[in-house]
Amino acid sequence: MRVDRIIAIVLILSLAACSSEKRLARQAEANAIYEDLDSVEIVVSRENPYRGSATRDMDLLHTRLEVTPDYAEQWLYGKATLKLRPYFMPASTLVIDAKSMQINTVALVKADKTQVSLTYTYDSVQLKIKLDREYTSSETFSIFIDYIAKPNERVVGGSAAISEDRGLYFINPYGREKDKPTQVWTQGETEAASCWFPTIDKPNEKCTSDIFITHDKKYVSLSNGIMVSSTPNKDSSVTDYWKMDLPHSPYLFMMVIGDFSIIKNRWREIEVNYYVEKEYAPYAQQIFGNTPEMMEYFSQKLGFDYPWQKYSQISVRDYVSGAMENTTATLHTELLQRTSRELLDETYEDYVSHELFHQWFGDLVTCESWSNTPLNESFATYGEWLWNEYKYGKEYADYKNYGNYKGYMGESEKGKNVDLIRFYYEDREDMFDKHSYDKGGYLLRYLQTIVGDDAFFKSLELYLKTNQFKPVEIHNLRLAFEEVTGRDMNWFFNQWFLNSGHPVLDIKYNYTTDSVFVTINQRQNTDKGLVYQLPFKLNVHYGKNIDKHQEILTKRNQTFGYKAYGTPSLIDFDGERVVLCQKTENKTVDNYVFQYNNSGNYVAKMEALEKLAEEQKKSDPARYALQSALNDKFFDVRRYAIEQIRISEANKETVLPEIEILARGDKYSKVREAAIKKLDFQRDNKFLPVFEAALSDSSYIVAAAALRAISNLDATKALEKTKLFEGDMNININDAVADVYATKADQSYQAAFEDKVHKSIPSNKYLLMYYYANFLCRMDDKNTVLKGLDFLYNESEPSESRTLTSAGKGTVKRVMDYYERKRKIDDKQLSIADKAEQLEIQERINNYDVIISKAKEHYDDLVIKMREFK
Ligand SMILES: [Zn+2]
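Summarised in this report is the structure supplied together with it.

Definitions and cut-offs
- Residues numbered from 1 in each chain as written.
- Predicted model: local features only at pLDDT ≥ 70, side-chain atom pairs only at ≥ 80, totals over all residues.
- Heavy atoms only, no water.
- Helix = DSSP H or I, 4+ residues; strand = E, 2+ residues; numbered from the N terminus.
- Rg over C-alpha atoms; globule rule 2.2 N^0.38 Å.
- Contact = heavy atoms within 4.5 Å.
- Areas by Shrake-Rupley, 256 points an atom, 1.4 Å probe, with all protein chains shown as cover.
- Lys, Arg positive; Asp, Glu negative; His and termini not counted.
- Charge placed at Lys NZ, Arg CZ, Asp CG, Glu CD.
- Salt bridge = Lys/Arg side-chain N within 4 Å of Asp/Glu carboxyl O.
- Buried < 20%, exposed > 50% of the residue type's maximum accessible area, 1.4 Å probe, protein only.
- Donors = N, O, S within 2.8 Å, 3.2 Å for Na, K, Ca; no water.
- Pairing = 2+ DSSP bridges.
- Axes fitted to C-alpha atoms, helices over the stretch in contact; angles between N-to-C directions.

Secondary structure summary: the chain contains 27 helices and 31 strands in total. The C-alpha atoms of the chain give 30 Å as radius of gyration, which agrees with the globular expectation for 870 residues (29 Å, within 12%). Principal-axis analysis of the C-alpha atoms gives the chain an extent of 90 × 90 × 55 Å. Long-range pairs, those at least 24 residues apart, make up 70% of the contacts in the chain between residues at least 6 apart in sequence. When the accessible surface of the chain is summed, it comes to about 34900 Å², and 50% of that surface belongs to carbon and sulfur atoms. Looking at charge distribution, the chain has the averaged site of its 112 positive side-chain charges lying 1 Å from that of its 130 negative ones.

Here you go:
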């Protein structure tokens, strides 16, 4: 799964309700005490229960499903035939996960296909079935269940990764939302597959499947494996038969029904298809087109060919996360549907590589329990790095990976410091955090550099071959590395995967005429006495020559000494920047300038620039280095230098013209955008021509920055310029347009504003509604505000999306609160005003009362509507 960070940000901005208290309460961590590095005594948190792998009483061998959606009720009619056998011990009862279903029949299917009813109990979560007799593990039997899945009657949970967990979603089922397609899609992970079919809903279960999907012939379906047939029925429906003859876990089962264009591609003999809405068909190759090359690269790198029968990717509406690696059929958020112009700014290709890598790590080899989630997610995150390095170069891959480093460090600084492999957590959705993704992905890269490329990929190949179609735990991975390398690897996995935190290093570099010394002090306070064992590279630079050393830090306080060959220009710990740590170093400004100029490593360069940015006010060399970084060969370094460089009287004559050149002509849109923003800060009319030219930039983010910059100099002109973007639906430009509408608050633009909001996809709509509420607060005209309140209500009330309704409720309240405050001020004024003024104020108060009363009415309605979602 790939967590959608954008949605999370939008949710905060849109005033949507969230359950942060619950999440804060979950930050209790499992405490581990280290006796030494090779034998671990785990002392567990006493607050949360132990989360081991699910007990396997029964083995599910095969699932046959016949399903038909009912849009009016938002139900799924299903007939499931499950083939099972006792796992080891003989058994006469069977427990099946089946959440919020109506169960019509439970029967044993005999060899002659006749059915015998079985007795069962059902508590809306699990079916407990009494079999006709005791079965041994050498016998199989088949159970038939006729059911109706009623996902909306489920009490939903949720997390940062998955905002709801009803398993089966009907999008715009009544067609009430114009300009929005009607779709059905599923989301199994973590344990919501059992919301749409009865199963043993645990990651350590795997089975084959035949899925028959009956749907209106105007739609297409997508599911796991190969579509064997599509048979028309007597009515206007067809039945698609999807066959998956390799075992995979129930949470990876999927189904989508909707109106999609299918763009066909191939990798070797395997079909690679992209499902998008018609308008995006022309861009599907640009969005997903690198998939076959990725499949080839990953297959070769892993020594294990892509294991499945086909590979499809689909983009659906209102998805609850970023993307999901359903076996052979990855499901993506609608954000992946982008035009060529939008793709210039962001491709979302990391989603594509992440989910594809999961087809090996997660789907073929699956974490046996959610405690082992990093075996899925750390690998998929590492897969992004692997592809980026191959396709776009190491600097680009490091740039992305530095984001992972900061992601994990940010989560750690906020107080979440938990073991990567966690057996004690409150909610399994908590596993989908920056530890499992960012930290684990970063560590796999570190592991790669420790054992070397050959051993690393050989180990992964062995791990995949040994454990294919099986559940795994972290030790399976360690054992593969130990078998291939012939080295004990407990130290690595214990300190990194079975422990929390990271090393905090104080590094002191010193030298004399004949020696170089590096003293490293491990200052982390883990309460567990853990001293990390850290292999690292130490580089001593003498001008263009580098004296390189491979070392292992093993002590809390350790000094390494080398022969000096003159005065070092730089002594540098971890030259490749692969060690996951926080560090303080006694480097000078000159050292950092040298580091920036001579380290080819993106992270080392950024570290240097971060320090030089702090020093630029008092140090000329720091300032010059930052200025020279404006012309760095790597785009993100240029972007960073633009953002950080301080403009002063002393340098403005030299620096601003350079930035203007970048604004007008840099190859990368993110650099042009940063340059426009920098010029915008100057609030200088002389840059107006630069901004006006940038309105027709090929990139939306550049045009958006330019529109905002114009607005800061001349709001009337900016409002006029919004007309250039009337037909555009891109969120970056619409965000800027809405900002201008709200700032200038010109009533004649109300219709244009509403059109923008109305046509936006939900994840963009929240943001625009927020601006629209600001617009209404600046209006003051009763009729305009009343019309606007009706508009906000109509945009959110008929929606089937909880988040959108919540955003509607928030924005209506925003307007209501604002006019209540104004009314209070006028109330006070009224008592001190003279007669003539009183009339005027009283009229205003009357108008506010009408507005407040209308807002209150809509707000109350939306509160009721929110309750109905539960
Ligand atoms: Zn993932």
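Tallied over the entire structure, the rule returns 63 salt bridges. One salt bridge connects arginine 422 with aspartate 433, and the closest N-O pair in it is separated by 3.0 Å. Highlighted residues: arginine 422 in the loop between helix H8 (394-413) and helix H9 (435-451) and aspartate 433 in the loop between H8 and H9, separated in sequence by 11 residues. The two residues arginine 422 and aspartate 433 agree in class, both being buried. When salt bridges that share partners are traced, they join Asp572, Arg577, Lys583, Glu585, Lys587 and Glu607 into one network.

For arginine 2, the location among the structural elements is in the segment before helix H1 (5-13). Accessibility expressed as a relative area gives 10% for arginine 2, which makes it buried.

Met1 (N), Met1 (O), His354 (NE2), His358 (NE2) and Glu377 (OE) make up the full set of protein donors to the zinc ion, lying at 1.9 to 2.3 Å. Written as a sequence motif, the donor arrangement for the zinc ion is M-x352-H-x3-H-x18-E. Taken together, the positions of methionine 1 in the segment before H1 and glutamate 377 in helix H7 (residues 374-392) put the pair 376 residues apart, joining distant regions of the chain. Looking at methionine 1, the relative accessible area reads 0%, which means it is buried.

Taken in spatial order, the 4 strands make up an open sheet running E11-E12-E17-E14, and their pairing is antiparallel. Looking at strand neighbours, the two that pair on one side only are strand E11 (168-171) and strand E14 (220-223), the edges of this open sheet. For this sheet, the mean angle separating the axes of adjacent strands, direction not counted, is 10 degrees. Examined bridge by bridge, E14 and strand E17 (residues 255-258) share 4 bridges and lie antiparallel to one another. Paired with serine 221 across the two strands is isoleucine 257, which belongs to E17.

Let's shift gears to the pairing of strand E22 (residues 329-332). By the alternation rule, side chains of E22 split into Ala329 and Leu331 and Thr330 and His332, which are all buried. Of the strand pairs in this sheet, strand E20 (residues 311-315) and E22 are connected by 4 bridges, and their pairing is parallel. Paired with glutamine 313 across the bridge in E22 is threonine 330. By the bridge criterion, 2 bridges tie strand E21 (residues 323-324) to E22 in an arrangement that is antiparallel. The residue of E22 that forms the bridge with alanine 323 is histidine 332. If you look at the hairpin formed by E21 and E22, you'll find 4 residues sitting between the two strands, and threonine 328 has a positive phi there, around 65 degrees.

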